[in-house]
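What follows is each chain in one-letter form.
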Amino acid sequence: MAKGLRAKFFASRIYDMSLGKSAEPPRPVPAVLADGTIDAFGGDDAFVWLDGLGTEPDGDARAAARVRTDAWFDANAHWRAETWRADLIGARLARIIPRFALLTDGAADDFGARLAQRLGREARHLFRLAPSEHANWDPFRAGLGAIMAARYLPGYERRLGDAVSHLVDQVPIWVHPDGGHRARQPERHLAALAALIQVRAVLADGAYTYPEMLQGAIDRMAPMARAFLLGDGGFALFNGAGEGSPEAIEATLAASGSHAKAASSAPHTGFHRIQAQRTVVLFDVGRPAATPLTPGHAGTLSFEMSVGFHRLIVNCGGGQAAGRNLAEALRATAAHSTLTVANVNSSDLVAGGLGARRAESVNARRREQDRNVMVEATHDGYREPFGLSHRRLLYLARDGLDVRGEDVLEADTGTGRV
């Protein structure tokens, strides 16, 4: 009820008028903030296409970008629940503010004033949202946009402390102690890491102290991001991820400043990485996770494997391009490199999330001897429908040439099935 009333208020003419029409252009922004990809989520509503504009586009490219920018803001000039979410506003602010001068250079006088006004309205709405609204979607994108607006949009300076505090509060909620992102999805993980790196650059530009909590998150997340990489430099396709851009991944990791090696195990997030010579095996030994960012996948105990630059065993993944129906199908156990019993998912899937039956008890044990590694894991997702537990064992010899696996279905009592 309260949510419906709030939506009506945001959509009202009174609220629209309260967002104002005057705004000053952003202050100059360091080039480093306009030089990298934030993430690939949100499409046009997040102005993802601006990442491809580059830092020195020609006049035609700038003109086309202005037309596209105007068209989007004309279509979304007033509050809409779908496009005025905290994370999408944050993504737009974080992309447009660093490129304001680039977009307005050579434009008619009214374009810059119009764009500044639009940024001001979005920032004003973002700062009016409660911190819980940020957390309902992607708090890292919302936080980055709010911090960038407070730092570079005139009139919002006093908001900086609160914006940083809100982001700090979200870190322990979304980043596990082992550095893994709560969504358990490599692309989401990288996007959050990139946002924290950009926040650090924004605060450094103003000589503000970077909170220890945020720096600690970067230090933990960088080796976890490396843990998700296969031999070709792209991500493993866990929980609907795409391969990502090896160049963007490498650039983000370089910008993190962390030289730590890839994590070999992440007990809180639920992954093991086994590597020997040119062979890499990544093993999902965690509970399925459903978040506002990811609906959850029934891929427990799936694994991926590469040798050199070649991917040999993979999940179906999903990535940004999958349509709705295909994305739902790719959540199924059968879309992952793991065992499926009687065409039943290891965890119940419902639209946008997970059902009541899940692989709750997931246990893993890693053993190493003379650099030979074996990881053994079990899950109970099939206990309720079939009275079975699934146990999987993966072994990689130190020369990287001997890979072995074993799947076992175990029953505590007789099941009556052969």
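Residues numbered from 1 in each chain as written. Predicted model: local features only at pLDDT ≥ 70, side-chain atom pairs only at ≥ 80, totals over all residues. Heavy atoms only, no water.

*Asks:* Honestly, the overall build of the protein chain in this entry has me stumped. Any pointers?
*Replies:* The helix and strand tally for the protein chain stands at 14 helices and 11 strands. Taken against the 2.2 N^0.38 rule, which gives 22 Å for 418 residues, the C-alpha radius of gyration of the protein chain at 23 Å falls within 12% of a compact globule. With the C-alpha coordinates of the protein chain rotated into their principal frame, the extents come out at 75 × 50 × 40 Å. A total of 418 residues make up the protein chain; the buried ones form 53% of that total. Contacts in the protein chain between residues far apart in sequence, at least 24 positions, make up 66% of those at least 6 positions apart. Roughly 18900 Å² of accessible area belongs to the protein chain as shown, and the carbon and sulfur atoms make up 52% of that amount. Between the mean site of the 48 positive side-chain charges and the mean site of the 48 negative ones, the protein chain shows a separation of 4 Å. (Helix = DSSP H or I, 4+ residues; strand = E, 2+ residues; numbered from the N terminus. Rg over C-alpha atoms; globule rule 2.2 N^0.38 Å. Buried < 20%, exposed > 50% of the residue type's maximum accessible area, 1.4 Å probe, protein only. Contact = heavy atoms within 4.5 Å. Areas by Shrake-Rupley, 256 points an atom, 1.4 Å probe, with all protein chains shown as cover. Lys, Arg positive; Asp, Glu negative; His and termini not counted. Charge placed at Lys NZ, Arg CZ, Asp CG, Glu CD.)

*Asks:* What's the story with the layout of surface pockets in this structure? I'm lost.
*Replies:* Rolled over the atoms, a probe sized like a water molecule indicates the empty space that remains. The space that makes up the largest pocket amounts to roughly 830 Å³. In terms of lining residues, the largest pocket is bounded by 33 residues, among which R188, L293, T294, P295 and A327 are the most central. With three residues, helix 13 (residues 324-329) is the largest single contributor of residues to the lining of the largest pocket. Per-class residue counts for the lining of the largest pocket are 10 nonpolar, 13 polar and 10 charged. (1 Å grid on protein atoms, 1.4 Å probe; cavity = no way out; pocket = protein on both sides within 12 Å on 5 of 7 lines; lining within 4 Å. Points joined across faces, edges and corners; volume = space filled by probe spheres on them. Nonpolar A, V, L, I, M, F, W, Y, C, P; charged D, E, K, R; others polar.)

*Asks:* I keep staring at the pattern of salt bridges and nothing clicks. Help me out?
*Replies:* Oppositely charged side chains can pair when the atoms bearing their charge come close. Counted by the stated rule, this structure contains 29 salt bridges. The salt bridge partner of R118 is D74, with a shortest N-O separation of 2.5 Å. Here the residue R118 occupies a position in helix 6 (residues 109-128), and D74 occupies one in helix 3 (residues 59-75), the gap between them amounting to 44 residues. The partner of D138 in a salt bridge is R188, with the nearest N and O atoms 3.8 Å apart. Taken together, the residues D138 in the loop between helix 7 (131-135) and helix 8 (139-152) and R188 in helix 10 (residues 186-205) connect sequence positions 50 residues apart. Each member of the pair, D138 together with R188, is buried. (Salt bridge = Lys/Arg side-chain N within 4 Å of Asp/Glu carboxyl O.)

*Asks:* Sorry if this is basic, but what is going on with the pairing of strand 9 (residues 372-379) here?
*Replies:* If a strand is regular, its side chains alternate between the two faces of the sheet. When you tally the buried positions in strand 9, you get six out of eight residues, the bulk of the element. By the bridge criterion, eight bridges tie strand 8 (residues 362-369) to strand 9 in an arrangement that is antiparallel. Note that in strand 9 the partner of R365 across the bridge is E376. Linking strand 8 to strand 9, which pair antiparallel, is a turn of two residues; within it D370 sits at a positive phi near 55°. (Pairing = 2+ DSSP bridges.)

*Asks:* Can you walk me through the side chain of R273 in this structure?
*Replies:* Within the secondary structure, R273 sits in strand 2 (residues 271-276). The charged side chain of R273 is buried without a salt bridge, its nearest counter-charge being D232 at 9.5 Å. Setting aside chain neighbours within four positions, we find R273 in contact with R226, A227, F228, L229, A262, A263, S264, V280, V281, L282 and R366.

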